[in-house]
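Structural features, examined
The primary structure of each chain is shown beneath.
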Amino acid sequence: MSREWCHLCHDLLEQLSPLAQELGLEVAVFDVDADPVLEERWNEKVPVVLAGETELCHYFLDEAAVRAHFGRIG
């Protein structure tokens, strides 16, 4: 979950991109401001990294949490 104007969102995506490539993951970015339901649910908690419905981290990339999650299921 992201916001176009959010510098933390841009920073997290920049950090996540090489990790996603390394792990063979596809990253989909959803702008919470484009969807009232997403905005209500995530509002000020963005950026958020989700794997399906599982929240892996928010505000800052937790590389260890992402690696641990995909290591368990991969």
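Below you will find a few notes about this structure. (Residues numbered from 1 in each chain as written. Predicted model: local features only at pLDDT ≥ 70, side-chain atom pairs only at ≥ 80, totals over all residues. Heavy atoms only, no water.)

A count of helices and strands for the chain gives three helices and two strands. Secondary structure elements of the chain, listed N to C terminal, follow the sequence α-α-β-β-α. Computed over C-alpha atoms, the radius of gyration of the chain comes to 12 Å, within 12% of the 11 Å expected from 2.2 N^0.38 for 74 residues, which places it in the range of a compact globule. For the C-alpha atoms alone, the extent of the chain along its principal axes is close to 35 × 20 × 15 Å. Buried positions account for 30% of the 74 residues belonging to the chain. Restricting the contact set of the chain to residue pairs at least 6 apart, pairs at least 24 apart contribute 52%. Computed over 5 positive and 15 negative side-chain charges, the inter-centroid distance for the chain is 8 Å. (Helix = DSSP H or I, 4+ residues; strand = E, 2+ residues; numbered from the N terminus. Rg over C-alpha atoms; globule rule 2.2 N^0.38 Å. Buried < 20%, exposed > 50% of the residue type's maximum accessible area, 1.4 Å probe, protein only. Contact = heavy atoms within 4.5 Å. Lys, Arg positive; Asp, Glu negative; His and termini not counted. Charge placed at Lys NZ, Arg CZ, Asp CG, Glu CD.)

Turning our attention to the pairing of strand β1 (residues 48-51). Successive residues of a regular strand alternate their side chains across the two faces of the sheet. Here β1 pairs with strand β2 (residues 54-58) via four bridges, running antiparallel. In the sheet register, L50 faces β2, and the bridge partner there is E55. Two successive antiparallel strands, β1 and β2, enclose a turn made up of two residues, where G52 displays a positive phi of approximately 65°. (Pairing = 2+ DSSP bridges.)

With 17 residues, helix α1 (residues 7-23) ought to run about 24 Å at 1.5 Å a step, and its terminal C-alpha atoms sit 25 Å apart, in line with that. Along α1, the positions that sit buried rather than exposed are C9, L12, L16, L19 and A20. Immediately beyond the C-terminal end of α1, within one or two residues, lies G24, with a positive phi of roughly 75°. (Expected span 1.5 Å × (residues − 1).)

Time to look at a nonpolar patch on the surface. Among the surface-exposed residues, L13, V27 and V29 lie close enough to one another that they form a single nonpolar patch of about 220 Å² accessible area. Checked against the element boundaries, V29 lands in the loop between α1 and α2 (36-42). (Patch = residues over 30% accessible without salt bridge, like charges linked within 9 Å, V, L, I, M, F, W, Y side chains within 5 Å. Areas by Shrake-Rupley, 256 points an atom, 1.4 Å probe, with all protein chains shown as cover. Salt bridge = Lys/Arg side-chain N within 4 Å of Asp/Glu carboxyl O.)

Relative to the assigned elements, H69 resides in helix α3 (residues 63-73). With relative accessibility at 9%, the residue H69 sits in the buried group. Leaving out residues up to four positions away in the same chain, H69 has contacts with A51, T54 and L56.

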